[in-house]
Each structure stands twice: as C-alpha cells, then as structure tokens.
Amino acid sequence: MRKMKVLFAVAAATVCIDCGGDNLPQLSQATNLRILAIKADPVSVRVGANAATMTALITDPKGAGRAVDYTWSACIITQVDSTGSRCLQTLSTSSQTTTSMTPSFVFTNGFTGAVPVLITLTATAGGESRTATKTLVVVESSAQQISPPALSALSVAGDRGVGTVVLASGRTYELEALISGLGAKPYFITWVTDGGSLDADRTSGSAKNGFSPKNVSGSYSLYAILNDGEGGVDFKVRAVTVP
C-alpha cells in the first residue's frame, strides 16, 4: 500500500510545460507555439498489455495552420543522474508531422514492473521548440485502473454547443466548464486565450470565469484545462469570432 501511495503522488505532479525555456508567456495568453496540456486515458496503466492514449493540447496562433513536428518518448523514471536525465530505460518513441493541435501517442506497457513512466513531448515548428512532460503510473494487474475526469463542454455566454460563438468587443462574457466524473474531489481549471483577457488565469473549485474579447475583428480560441490534482486531465476548446 505504501508503494502505491508513492506512485500516485508521482502521478499527481503537474505537467512541466516548456521545460527549461526562458521568457515564458503569461499563463493565460497564447501568443506563440505552446504545449498547454497532456492528458492520459486511462490515468494509470495496469502491468501487462494495457495501453494508455496520451493526447496533447497545442496552441500556435501565429502559425497560420502550419504543420508541427511532434516527438513523443516514454521511459522508466529514475533519479536524476549527472547528465540531468531522469530516464533509466527508454521504452518507446514516436514521431509525426501534422497540422493537428491535439496530437496523440499510444503507450503500450510492455514490461512487468509497477513503476512510473515519464512521457515527454517535443513540438517543433518554424524555429520554435517546446517540450512538456507528464508522469504515467503503472500499477499492479489487480489494481483499479483510474479513468480521467471529463470536461464535457465549454459554455461561452450561455452557449453550450461546440460551434463558433460570435461575441462583441467591449463586453465581458461568462465562461463555464461543464464537468463530470469528479464527484467531491477538488480540482482546478487553467484558462487560456489568444483573443482577449480573462478574469483569472486559474480557478480552483470553480468552473466559471470571465472573458473580454479583443477590440480587433478576427477569429480566436478559448481553452479550458481541467486538472484533478491526481494525474487526471481533460480539456476543451471553443472558437470565437469578433465581427
């Protein structure tokens, strides 16, 4: 039981975004290529043949729809050595080039030990490079497999759909993240946009925020990233237009 508690504590660590970079952008403002989040489904993987799908959320507002090079890797975690590496053994790697802003990687657990795995994603485009990591827990075959929380919708000004919302500048609109699968567990939401200002970068225990669009006509995006503090992550994106 003590071993399981230690492993889950590792899984609860936050994703390291743009690791090692300088001059990081303001948390809520998407101005360039960024990795906003990585989610795992399921949150933990049983020893054996089970697999977990890792999906990242990327923003690249100045990229004009350009293709991005993504490199994923998975390794067994050890203590940091003299070279700064945390990897004891590389398990798998995968590379892809796509215009998708939600690239994915399927990690297949091919070993027999209940040890934490470090998932690393590097996104590169036009001379920009960003790296993020997430810890995935591997549990004994008899352990319960944990499913992630669900952010079922991102409501903008009362619109709970998935289509583009038309908003006027000079006003503040209510945002609400519709959440399921959390019960009474604590959570926080990180909010990001490339088209205006948000009342809060992060809300804890509250699924609402305020958004004021830019005073410039155009098409923009709103991002809500749900985190349950135990490795569970989900996210939603809504497109908005300012006429």
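All of these numbers come straight from a predicted model, not from anything done at the bench.

Our next topic: the pairing of strand β17 (residues 218-227). Each regular strand displays side chains that alternate between the two surfaces of the sheet. For β17, a buried count of 8 out of 10 residues is recorded, marking the element as mostly surrounded by other parts of the structure. Alignment of strand β13 (residues 188-193) against β17, held across 6 bridges, turns out to be antiparallel. Looking across to β17, one finds that Phe188 is bridged to Asn227. As defined by bridge partners, β17 adjoins strand β18 (residues 233-242) across 10 bridges and the pair is classed as antiparallel. For Gly218, the partnering residue across the bridge sits in β18 and is Val242.

Here we take up the sheet that holds β13. Whenever strands of a sheet pair, they do so through backbone hydrogen bonds, lying parallel or antiparallel. In space, the 5 strands of this open sheet follow the order β11-β18-β17-β13-β15, with mixed pairing throughout. The sheet is open, and its two edges are formed by β11 (165-166) and β15 (202-204), each paired on a single side. Bridge analysis of β13 against β15 gives 3 bridges, and the strand direction is antiparallel. Paired with Ile189 across the strands is Thr203, a residue of β15.

With respect to burial, strand β8 (residues 117-125) is a largely interior element, 7 of its 9 residues being buried. Pairing of β8 with strand β9 (residues 128-139), which is carried by 9 bridges, proceeds in the antiparallel orientation. If you follow Thr124 over to β9, its bridge partner there is Ser129. The turn linking β8 back onto β9 is made up of 2 residues, and Gly126 within it adopts a positive phi angle of 55°.

So, about the confidence of the model for the chain. Here the chain averages 85 in pLDDT, while 84% of its residues score no lower than 70. Ranking the helices and strands of the chain by mean pLDDT puts strand β16 (residues 208-213) first, with 98, and helix α1 (residues 2-11) last, with 34. Considering only residues more than four positions removed or in separate chains, one finds that residues 1-25, a stretch of pLDDT under 50, has 43 contacts.

Parameters at a glance
Residues numbered from 1 in each chain as written. Predicted model: local features only at pLDDT ≥ 70, side-chain atom pairs only at ≥ 80, totals over all residues. Heavy atoms only, no water. Buried < 20%, exposed > 50% of the residue type's maximum accessible area, 1.4 Å probe, protein only. Helix = DSSP H or I, 4+ residues; strand = E, 2+ residues; numbered from the N terminus. Pairing = 2+ DSSP bridges. pLDDT = per-residue confidence, 0-100. Contact = heavy atoms within 4.5 Å.

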